[in-house]
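The residues making up each chain are set out below.
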Amino acid sequence: MTTITASPSRTDSRWPDRLAPLAAGWLGLWGVLALIGTLTGAGYPFGPNDPHGGDVSLLRLMPVEVATPLFAGVLLTAAVAALAMSRPAARPPGPLRALLAGYGWAVAFVLVLVVPDVRVLVVLGYLPILIVGAPFGWPPVDYADIFNWALFARFAALAGGLLLAGAVLAWQRRTAAACVGCGRNHTDRGWTTPAAATRWGRWAAGIAAVIPFTYALTRFAWAAGIPLGISREFLTEMQDSGLVWAGFGLAAFATVGAILTLGLVQRWGERFPRWMIGVAGRRVPVKLAVVPATLVAISVTAASLGLLSNPKFWELTGGLSITGAPMLLWPVWGVALGVATYAYHLRRRGACRRCGRG
């Protein structure tokens with residue numbers, strides 16, 4: 001029997017080992033800044049301290065004098081936890097392992113899904129318009145009001161949460177004697193096989209494509225002057241204020257996202273179509289699909305938590321109405337898109353560069 005060994009080029013995937021030190025450094029830096037904010041009483045950019053969107057964040061429920069020191073303590077403690085995970089030690093006792101992993105995942109959840117809120121999704125949706133229209137002065141907005149400290153802090157929290165989540169995942173794999181890079185061990189799980197991922201991934205992708213399209217349909221109707229689900233007076237107010245075009249921009253973003261979501265289960269999502277000159281027929285890089293889809297899934301889920309918990313949302317949309325119903329499904333959209341993206345990753349990940357399995 002011939003033994004096949006991995007070539008040197010397949011054993012150089014060491015990025016999982018760098019996640020814990022990176023997370024510790026990033027969280028430690030922001031923890032120190034939050035501590036300075038606690039001592040000086042300035043710099044905390046969330047909740048009541050955010051005049052441009054604090055009402056759509058779950059952090060609005062926490063007083064600033066409580067949130068600032070709590071934020072600093074959580075970040076610094078998480079940095080220490082991430083630093084502990086960077087040590088290639090033997091498997092810790094069960095209770096300690098569960099405590100460390102539970103705390104890491106809890107902090108990552110808050111940083112990724114609670115802190116960012118709807119502003120991250122809005123900026124991602126409008127970013128192409130803002131970039132293209134900037135030289136022409138359209139849309140007529142003050143960019144300093146958009147790209148401010150509060151928005152930067154939200155993206156910083158998102159980055160820190162993702163680094164911490166990756167560090168915890170890599171540490172759990174390492175301490176469970178699985179491959180740190182892919183999570184495989186000597187026992188394959190049936191639901192992670194490409195064939196199984198194709199089946200359940202198709203359902204998830206279908207759900208994740210339908211929901212944003214239903215949202216976009218109402219906003220396109222408003223842009224066309226059709227008061228679908230709203231009164232003619234309210235539509236006139238939105239037309240006069242320009243909000244109808246803001247909804248049109250988000251609807252276009254949602255429609256493009258819905259189409260690209262279908263690519264997670266279609267052949268053109270694996271190989272570029274013939275009409276794409278220069279790359280036609282080439283394999284689509286896995287990360288080219290996985291990274292943006294994951295970011296959108298996270299942003300949609302984070303946005304829905306803040307919006308659906310805000311009483312003003314229910315007052316403006318009427319709750320279970322044509323206006324608000326599509327947005328009530330945003331949590332399902334975010335989860336379904338995340339599941340579909342993971343299925344796409346399982347189908348196309350191939351052999352692991354670190355362990356050679358697969």
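This text gives an overview of the structure that appears in the document. Just so you know, these numbers come straight off a predicted model, no measurement behind them.

**Quick word on the overall build of the chain**
Here's step 1: Per the secondary structure count, the chain includes 13 helices and zero strands.
Here's step 2: Ordered by position in the sequence, the α and β elements of the chain form the string α-α-α-α-α-α-α-α-α-α-α-α-α.
Here's step 3: Rg of the C-alpha trace for the chain: 23 Å, near the compact-globule value of 21 Å for 358 residues, within the 12% margin.
Here's step 4: When the backbone C-alpha atoms are referred to their principal axes, the chain occupies close to 75 × 60 × 40 Å.
Here's step 5: Taken over 358 residues, the chain has a buried fraction of 43%.
Here's step 6: Summed over all atoms, the accessible surface of the chain reaches about 19100 Å², with 70% contributed by carbon and sulfur.
Here's step 7: The positive charge centre, built from 30 side chains, and the negative charge centre, built from 14, are 22 Å apart in the chain.

**Remarks on the environment of V80**
Here's step 1: On the secondary structure map, V80 appears in helix α2 (residues 64-85).
Here's step 2: Accessibility expressed as a relative area gives 57% for V80, which makes it exposed.
Here's step 3: Considered as a pair, V80 and G25 are 55 residues apart in the sequence and their alpha carbons are 9.4 Å apart.

**Some remarks on the packing of aromatic side chains**
Here's step 1: Counted under the stated rule, the structure contains 13 aromatic pairs.
Here's step 2: On the basis of an interplanar angle of 55 degrees and a centroid distance of 6.1 Å, the ring pair of W26 and W30 is categorised as tilted. Of this pair, W26 and W30 both sit in helix α1 (residues 15-40), separated by four residues, roughly a single helical turn.
Here's step 3: Judged by centre distance (6.3 Å) and plane angle (80 degrees), the rings of Y44 and F71 are edge-to-face.

Thresholds applied
Residues numbered from 1 in each chain as written. Predicted model: local features only at pLDDT ≥ 70, side-chain atom pairs only at ≥ 80, totals over all residues. Heavy atoms only, no water. Helix = DSSP H or I, 4+ residues; strand = E, 2+ residues; numbered from the N terminus. Rg over C-alpha atoms; globule rule 2.2 N^0.38 Å. Buried < 20%, exposed > 50% of the residue type's maximum accessible area, 1.4 Å probe, protein only. Areas by Shrake-Rupley, 256 points an atom, 1.4 Å probe, with all protein chains shown as cover. Lys, Arg positive; Asp, Glu negative; His and termini not counted. Charge placed at Lys NZ, Arg CZ, Asp CG, Glu CD. Phe/Tyr/Trp six-rings, centres within 6.5 Å; stacked < 30°, edge-to-face > 60°.

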